[in-house]
Amino acid sequence: GASAGRAGLTSSQSPSLSAGLAPPAAPLRGSSSSSAMQANGAGGGQQQPPPQGALKKKKRLSQSDEDVIRLIGQHLHGLGLNQTVDLLMQESGCRLEHPSATKFRNHVMEGEWDKAENDLNELKPLVHSPHAIVQCRILRYCGGLHTAIECHGNTVVDRMKFLLLQQKYLEYLEDGKVLEALQVLRCELTPLKYNTERIHVLSGYLMCSHAEDLRAKAEWEGKGTASRSKLLDKLQTYLPPSVMLPPRRLQNLLRQAVELQRDRCLYHNTKLDNSLDSVSLLIDHVCSRKQFPCYTQQILTEHCNEVWFCKFSNDGTKLATGSKDTTVIIWQVDPDTHQLKLLKTLEGHAYGVSYIAWSPDDNYLVACGPDDCSELWLWNVQTGELRTKMSQSHEDSLTSVAWNPDGKRFVTGGQRGQFYQCDLDGNLLDSWEGVRVQCLWCLSDGKTVLASDTHQRIRGYNFEDLTDRNIVQEDHPIMSFTISKNGRLALLNVATQGVHLWDLQDRVLVRKYQGVTQGFYTIHSCFGGHNEDFIASGSEDHKVYIWHKRSELPIAELTGHTRTVNCVSWNPQIPSMMASASDDGTVRIWGPAPFIDNQDIEGKITSIYI
């Protein structure tokens, strides 16, 4: 009866609880036998005979069982279900945390700093435990200052004491008790001879004229539960988990499990949300391939010859396609249905259009032709008017272009040795002699231009200080390349080799993707999906290949085109939309499976590698 009473229930109110508590609970570890007897209602009066089966010896819990019970107890405690926690600990014979740690926690949360300091002395022997989270030299962040500390012996206790006294000092200051705060600073913090730089910073807070100023300068929440809870979280890292569990340990474990499952999910293509409320913990995370852009949503047939290039605008609302038929077509993406409709046709590219680049603000696009084309066209997308038709020399070959991030300049070049920087009116700003350019890209620093050349390499060219350096060296011609949004990774289509991923910072080949057929045609691949986790490329075997960035084997092969697929473009704002352009004269728009029988869909996944 007394056991159930701890949860505020009598046996008559909760028969199931009383039945479950009938066997005498094992004493709490670290408690005396008398207290254990009182907890079981055996401290006074006549002990009731145990029900049948209660004399069975209680099975000893394994270490993992104890850990799980403590994790559940901590979580329930965080929800305010303290009576349930007491009941769980009593019946299991476990202890949520060391009694000294409980005292310490309560005194910190109540702001009883002298008592909390005394508790530290009781905890001192436990700090030396080999199971403490902080044992070696680490970098710890505290109050806006990174401080390297030796975390062992007395230094750990000093560190904990320093954190306590810092909170005490700040609370005195907020309360306007400047003399008391000064006393803490001079007579308690300074004698520790620990982190003198931080003490100098703390002394500066004495000049704060009001509490808001103090909180802003100290980057501190102010006196109360929020700042004390944060303080406790920091202090807990210095105690072994057997004494005091790390904060929110169960939630952290669950979050790690969810993140790992997402990382292993081949088709995960939604915005990352680290909140546990966004997922079900009752089933494993899995994304269906039907949600992935593997199914033909639309076939655009307005071009009347081979389609050499396609590119979505930066805002994802338009698609530009270039063809051998001498036109660029601008398509409008419907934000609701994700269907495309013809918006404008830009004509007059006598040699055909093999490359297109959108300006950063999507107001302009530049179109280039194949090897024997010496002209490029700069179009105003809004009006459909040709702003500039540029040609420096009839002997030039301007086959590639890239916009400077400022949107006011672009670079262009070709394999005959031209490499120009121009303004929006086609005026030549700079030129670089003797570089036979295959493909170009401007980095976000606004200075560096990456260019692949006929020497099977990618070099970085700085137009400001006129320096260049080697970044990537391949053994075969680099037909095209593209750069990830963060500027770290380069995706190359290499003649006879396929698709290669390079780390530009470390200058190393990261991965070679398998499956694609790549000869000496220029094929353009792309990054795509949320967080650019995926890679897609066309192929000379008429297919579109998709890989997860971490895996060399394709996760999907998309069929439907009947000739070489020259280019793919993933919509940067709609992760479930992708376009592909082919020599068969069509552009295919790929998306999730529609709400019809998948067997009836023309253009679908033909094979999946796991």
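Residues numbered from 1 in each chain as written. Predicted model: local features only at pLDDT ≥ 70, side-chain atom pairs only at ≥ 80, totals over all residues. Heavy atoms only, no water.

The chain has the name WD repeat-containing protein 26 in an unreviewed UniProt entry, where Chelonoidis abingdonii is given as its organism.

1. Quick look at the confidence of the model for the chain
Across the chain, pLDDT averages 83, with 83% of residues at or above 70. Counting interchain partners and residues more than four positions distant, the pLDDT-below-50 stretch residues 130-153 has 61 contacts. Overall, residues 596-610 carries pLDDT values under 50, and its contacts beyond four positions in sequence, including any with other chains, amount to 45 contacts. (pLDDT = per-residue confidence, 0-100. Contact = heavy atoms within 4.5 Å.)

2. As for the packing of helix H4 (residues 63-78) against helix H5 (residues 82-92)
Remark: H4 packs on H5, axes separated minimally by 8 Å, with the N-to-C direction vectors making an angle of 165°. In terms of orientation, H4 and H5 fall into the roughly antiparallel class. Of the two possible hands of crossing, H4 and H5 adopt the one that is left-handed. Of H5, the residues touching H4 (which contributes Ile69, Arg70, Ile72, Gly73, Leu76 and His77) are Asn82, Thr84, Val85, Leu88, Met89 and Ser92. In terms of residue class, the contact of H4 with H5 is made up of 6 nonpolar, 5 polar and 1 charged. (Axes fitted to C-alpha atoms, helices over the stretch in contact; angles between N-to-C directions. Helix = DSSP H or I, 4+ residues; strand = E, 2+ residues; numbered from the N terminus. Parallel < 35°, antiparallel > 145°, perpendicular 65-115°, else oblique. Left-handed = near helix turned anticlockwise from the far one by under 90°. Nonpolar A, V, L, I, M, F, W, Y, C, P; charged D, E, K, R; others polar.)

3. Section: the packing of helix H6 (residues 99-110) against helix H7 (residues 113-127)
Interhelical geometry of H6 versus H7 gives an angle of 160° and a closest axis separation of 8 Å. The orientation of H6 relative to H7 falls into the category roughly antiparallel. Here H6 runs over H7; the crossing is left-handed. The segment H6 lies against H7, with Ser100, Ala101, Lys103, Phe104, His107 and Val108 engaging Trp113, Lys115, Ala116, Asp119, Leu120, Glu122 and Leu123. The residue inventory of the contact of H6 with H7, partitioned by class, reads 7 nonpolar, 2 polar and 4 charged.

4. Some points on the layout of surface pockets
Over the atoms, a rolling probe the size of a water molecule traces out where space has been left empty. By volume, the largest pocket amounts to about 1100 Å³. Lining the largest pocket we find 47 residues, and of these Lys311, Asn314, Trp441, Ile483 and Lys485 sit closest to its centre. Of all the elements in the fold, those that place two or more residues in the lining of the largest pocket are strand S4 (307-312), strand S8 (355-358), strand S12 (400-403), strand S16 (437-442), strand S20 (478-483), strand S24 (526-528) and strand S28 (565-570). Of the residues contributing to the lining of the largest pocket, the split by class is 25 nonpolar, 19 polar and 3 charged. (1 Å grid on protein atoms, 1.4 Å probe; cavity = no way out; pocket = protein on both sides within 12 Å on 5 of 7 lines; lining within 4 Å. Points joined across faces, edges and corners; volume = space filled by probe spheres on them.)

5. Describing the UniProt feature "repeat: WD" (unreviewed entry) in the chain
In the numbering used here, UniProt assigns the feature "repeat: WD" (unreviewed entry) to residues 300-334, 346-377 and 558-590. Counting secondary structure, residues 346-377 comes out at 0% helix and 38% strand; the distance between its end C-alpha atoms is 10 Å. In residues 558-590, the share of helix is 0% and the share of strand is 48%. The end C-alpha atoms are 9 Å apart. (UniProt positions renumbered as here; feature names shortened; annotations may be inferred.)

6. Considering the side chain of Ser397
Structurally, Ser397 can be placed in the loop between strand S11 (386-390) and S12. Within the structure, the side chain of Ser397 is placed 2.6 Å from the backbone oxygen of Asp371, a separation counted as a polar contact. Each residue touching Ser397, except ones within four places of it in the same chain, is listed here: Asp371, Cys373, Gly413, Gly414, Gln415, Arg416 and Gln418. (Polar contact = N/O pair within 3.5 Å; in protein donor to acceptor, adjacent residues only side chain to side chain.)

7. As for unusual backbone geometry
Peptide bonds are mostly trans, and most non-glycine residues show a negative phi. Located in the positive-phi region is Lys193, a residue other than glycine, with phi close to 55°. By the element assignment, Lys193 lies in the loop between helix H9 (178-189) and helix H10 (196-204). Positive phi, normally seen in glycine, also occurs at His542, with a value near 80°. Checked against the element boundaries, His542 lands in the loop between strand S25 (534-537) and strand S26 (544-548).

8. A closer look at the packing of aromatic side chains
Counted under the stated rule, the structure contains 12 aromatic pairs. Arranged with centres 5.3 Å apart and planes meeting at 85°, the rings of Phe419 and Tyr461 form a pair that is edge-to-face. Of this pair, Phe419 sits in strand S14 (residues 419-423) while Tyr461 sits in strand S18 (residues 457-462), and the two are 42 residues apart along the sequence. Accessibility classification places Phe419 together with Tyr461 in one group, the buried group. Here Trp432 and Phe463 contribute two aromatic rings whose centre-to-centre distance is 5.5 Å and whose plane-to-plane angle is 85°, an arrangement assigned as edge-to-face. Here the residue Trp432 occupies a position in the loop between strand S15 (428-431) and S16, and Phe463 occupies one in the loop between S18 and strand S19 (467-473), the gap between them amounting to 31 residues. (Phe/Tyr/Trp six-rings, centres within 6.5 Å; stacked < 30°, edge-to-face > 60°. Buried < 20%, exposed > 50% of the residue type's maximum accessible area, 1.4 Å probe, protein only.)

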